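Residues per chain, in single letters:
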Amino acid sequence: MKWLVGRKLPLTWAAVLLLWIKTFIVYLANFHIDTENTLQNWILWMNPLSFLLFVLGLGQFWKKTENQMTYVVAISLILSLLLYANVVFYRFFNDYLTLPLLFQTNNFGDLGNSAWEEFQWYDFFIFTDVLLLFLIVKRKPSFISFQPFSTISRRAYFYVAASLLCLNLGLAETERPQLLTRTFDREALVKNIGIYYYDIYDILLQSKSSAQRALADSSELSDIENYIHANYAKPSDKWFGIAQRKNVIVISMESMQNFVINHKVNGQEITPFLNRLIKNSLYFDNFYHQTGQGKTSDSEFLLENSLYPLGRGAVFFTNSGNTYYSMAKKLKNSGYYTAAMHANNKSFWNRDIMYPALGYDRFYSADDYHITPENVINWGLKDIPFFDQSAKFLEELPNPFYAKLITLTNHHPFYYSPEDQKISEFTSNDGTVNRYFVTARYTDEAVERFLEKLKKNGLYDRSIIVLYGDHYGISQNHNEAMSQYLGREITPLEAVKLQKVPCIIHIPGMKKGMTIHEVAGQIDLRPTILHLLGIETKHDIQFGHDLLSRDHPDFVAFRDGSLVTDHYVYTRNQCYEQESGKLLDRQVCSRFSKTAQTELSYSDRIIYGDLLRFYKDK
Ligand code: GP9
Ligand code: MN
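An unreviewed UniProt entry annotates the protein as Sulfatase N-terminal domain-containing protein of Bacillus smithii 7_3_47FAA. For the protein, the Sequence similarities (unreviewed entry) comment in UniProt is given as "Belongs to the LTA synthase family." Heading Subcellular location (unreviewed entry) of the UniProt record for the protein holds this comment: "Cell membrane".

Written out as structure tokens, the structure reads:
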């Protein structure tokens, strides 16, 4: 240590150290990064370092010391803002930031209420080091050196940075082979290469996908078509066309998870109406949402196209210019009038651009609804007035029609007006979970009233009604309160099972309901609905299978590569036996995992390459 005495710490090093320590604290305090062994801990600990050395070291190329100082403070501020953006984003989405979503500025106004919940007074401390650097530059304390490095020191500095990067990548490769090619796994990326390289990587990916469209050609579609047609699930004669020429009313229920169905909180039923409805409907109790960062819009994308949403960003934003053969388009071609109803700002999730691309004739958005300060909660119009007003719109539509209605009240942060509270909150120290039950109950009642209205105006008997949950409402950040409610630990296996959402199909004339246990997901909705209406999908490019077909495989793949079959669950690189929860050899799941990877990559190729523009509708 003798050599240190009397030496000064160069400003660049001081900035690197401060940012490095801060980043690591943020890793521990804000991101839920699980490490399984010492090597992973080491990688996590070192991963911000080489990036910080490179970026801050570039300041050494400024000739003037003044410029160098400004550069160091400015870069620290920019990186701190980037880090903080990741923190706020993570709190909200339980995920790392991706560029396409960041630039969806249209969404940010509406995100206001929810995002506000995510700000904490102590967030200010994230910028302490920038303040400290600023003071250092202003006051010039004697223990800091402001001299530029000599040429030799500068060379040595960059050698150290480059060696650290190689070491980091080498260790990451042993820990997680093919890390950089497995783009869907953002957590592994951040864990191994660090949050800053991850953000750069995200920018590169974005540029790559823009280039992909330009380079794609029609021959890419034939492999995919062969795969899809070889796996086609033939509709069953019993169900095909059973609802021919009926109207289709799809209700996307915001944040409705399946664990509320037939369940109680404080001894009170959470969804008394849905529980009754499933007694005379088709009810799928092993049905999963498959959404990614695009949340509600991803579920709409799955419903319409039976393609997987993207691993990063919302496809409603990134690829709204593509050609699609959506369910809406297909129904339009069969003589249906098509409409979407959602009482939110029309540009949210880019719907005003994407809906015409999906073939909707009419989009009833916030502009069409009567919204007053009294009938609004959370993100917009309450579900009961929304359904009341939508019922009137439906009465005026030409028949047959396909209408999709999207509810909104049961949305994070699950606020409700006191007069709408029908059951008491759950009691835990997690307000989000406590309130969720009350707003879910409210949506249940809103659906009940809506269906009553449809009975009165005659549409009930002339329509099939499809209800499904769009995605989870309670993220894994709330595992503690959830495990308190469910009375069991939320293991990774349990976390996957919690991604089940209700799926209910009511067909007029069906006296007795049926509960179907097939393992399935939102990707299966398109072929199922079209087949019930008697519309063929044999030649379509779709990854889902008719839920009522004998050939429907018990299989659902998620955007992060996890999957569920009738016997197994594969998640976070582990293979579990579904019933017992026993950990199995990964080999057991590898066949299914390959199928999931194939489908996800085919689907991505279709979207990034805009391949459906080459598809000839048969
Ligand atoms: C916004 C609504 C909710 O219009 O669909 O969006 P979400 O945050 O659930 O994706
Ligand atoms: Mn939603």
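Chemist: Got a sec to walk through the coordination of the manganese ion (ligand 2)? Specific residues and values, please.
Modeler: The protein atoms that coordinate the manganese ion (ligand 2) are Glu254 (OE), Glu254 (OE), Thr296 (OG1), Asp470 (OD) and His471 (NE2), at distances spanning 2.1 to 2.6 Å. For the manganese ion (ligand 2), the 6 donor atoms are set out with angles of 54 to 170 degrees between them, so the coordination reads as irregular. Counting residues between consecutive donors of the manganese ion (ligand 2) along the chain gives the motif E-x41-T-x173-D-H. Here Glu254 is found in the loop between β3 (247-253) and β4 (264-265), whereas its partner His471 is found in the loop between β13 (463-469) and α18 (479-486), with 217 residues between them in sequence. His471 shares its class with Glu254; the two are buried.

Chemist: An account of the domain arrangement of the protein is needed here, citing residue identities and associated values.
Modeler: Split by domain assignment, the protein resolves into domain 1 (2-212) and domain 2 (220-614). Taking the mean C-alpha position of each, domain 1 and domain 2 sit 38 Å from one another. Facing 30 residues of domain 1, the contacting portion of domain 2 comprises 32 residues. Here domain 1 meets domain 2 over a buried area of about 2,600 Å², counting both sides, of which 46% is carbon and sulfur. Taken together, domain 1 and domain 2 are joined by 1 salt bridge. One can count 3 residue pairs in polar contact (both at pLDDT 80 or more) joining domain 1 with domain 2. Elements represented by at least two residues in the side of domain 1 that touches domain 2 include exactly α4 (65-93), α5 (99-102), α6 (105-118) and α9 (186-215). For the side of domain 1 that touches domain 2, the per-class residue count stands at 10 nonpolar, 11 polar and 9 charged.

Chemist: Residue-level account of unusual backbone geometry, with values.
Modeler: For the peptide bond that leads from Asn399 to Pro400, omega is -10 degrees, which places it in the cis range. Residues other than glycine seldom take positive phi values, yet Asn262 does so here, at roughly 55 degrees. With respect to the secondary-structure elements, Asn262 resides in the loop between β3 and β4. The phi angle at Asp610 is positive, at roughly 50 degrees, despite the residue not being glycine.

Chemist: Give me the nonpolar core: which residues, what numbers.
Modeler: Formed by 80 residues in total, the largest nonpolar core has its most connected members in Tyr402, Ile529 and Phe543. The biggest single contributor to this core is helix α21 (residues 586-608), with 8 residues. In terms of domain composition, this core takes at least three residues from each of domain 1 (2-212) and domain 2 (220-614).

Chemist: Just give me the short version of the site of ligand 1, but keep the residues and values in it.
Modeler: In the region of ligand 1, the neighbouring residues are Glu254, Lys295, Thr296, His342, Asn344, Phe348, Trp349, Arg351, Trp379, Leu408, His411 and His471. Within the contact set of ligand 1, an oxygen atom lies 2.7 Å away from a side-chain nitrogen or oxygen of Asn344. At a separation of 2.9 Å, an oxygen atom of ligand 1 approaches a polar side-chain atom of Trp349. Coverage of ligand 1 by the protein chains reaches 99% of its 300 Å² of free accessible surface. Of the residues assigned to the shell around ligand 1, the class counts are 4 nonpolar, 5 polar and 3 charged.

The rules behind the values
Starting from 1, residues in each chain are numbered consecutively following that chain's sequence as written. Following the order in which they are written, the chains are lettered starting with A and the ligands numbered starting with 1. Local features in this predicted model are restricted to residues of pLDDT 70 or higher, and side-chain atom pairs are both shown and tallied only at a pLDDT of 80 or more, whereas totals for entire chains, interfaces and linings draw on every residue. Side-chain metrics in this entry use all non-hydrogen atoms of the structure; hydrogen atoms and water are not considered. UniProt positions are given in the numbering used here, feature names are shortened, and annotations may be inferred rather than shown by experiment. Note on donors: an N, O or S atom is included if it sits within 2.8 Å of the metal, or within 3.2 Å for Na, K and Ca, and water is never included, so sites can look incomplete. All geometry calls rest on donor angles, where a four-donor set with angles between 85 and 135 degrees is tetrahedral, four- and six-donor sets with opposite donors more than 155 degrees apart and all others between 65 and 115 are square planar and octahedral, and all else is irregular. Each helix corresponds to a stretch of at least 4 residues labelled H or I by DSSP, and each strand to a stretch of at least 2 residues labelled E; elements are numbered beginning at the N terminus. Only protein chains enter the accessibility calculation, which uses a 1.4 Å probe; a residue is then buried when its area is under 20% of its type maximum, exposed when over 50%, and partly exposed in between. Domain boundaries shown here were taken from an automatic or database domain assignment. In what follows, residue pairs with any heavy atoms lying within 4.5 Å of each other are defined as contacts. A 1.4 Å probe defines the accessible area here, and the buried area is the portion of it lost by two parts on being joined, summed over both. Any carboxyl oxygen of Asp or Glu that lies within 4 Å of a side-chain nitrogen of Lys or Arg is treated as forming a salt bridge with it. For the purposes of these results, a polar contact is taken to be a pair of N or O atoms within 3.5 Å, where, inside protein, one atom must be able to donate a hydrogen and its partner to accept one; residues adjacent in sequence count only when each atom of the pair is a side-chain atom. Gly is put with the polar residues, along with every residue not named as nonpolar or charged; the nonpolar set is Ala, Val, Leu, Ile, Met, Phe, Trp, Tyr, Cys and Pro, and the charged set is Asp, Glu, Lys and Arg. Among the buried residues, those of types Ala, Val, Leu, Ile, Met, Phe, Trp, Tyr and Cys that are joined through side-chain atoms within 4.5 Å form a nonpolar core. Any residue with a heavy atom positioned within 4 Å of a molecule or strand is treated as near that molecule or strand. Areas reported here follow the Shrake-Rupley algorithm with a probe of radius 1.4 Å; residue values treat only the protein chains shown as occluding.

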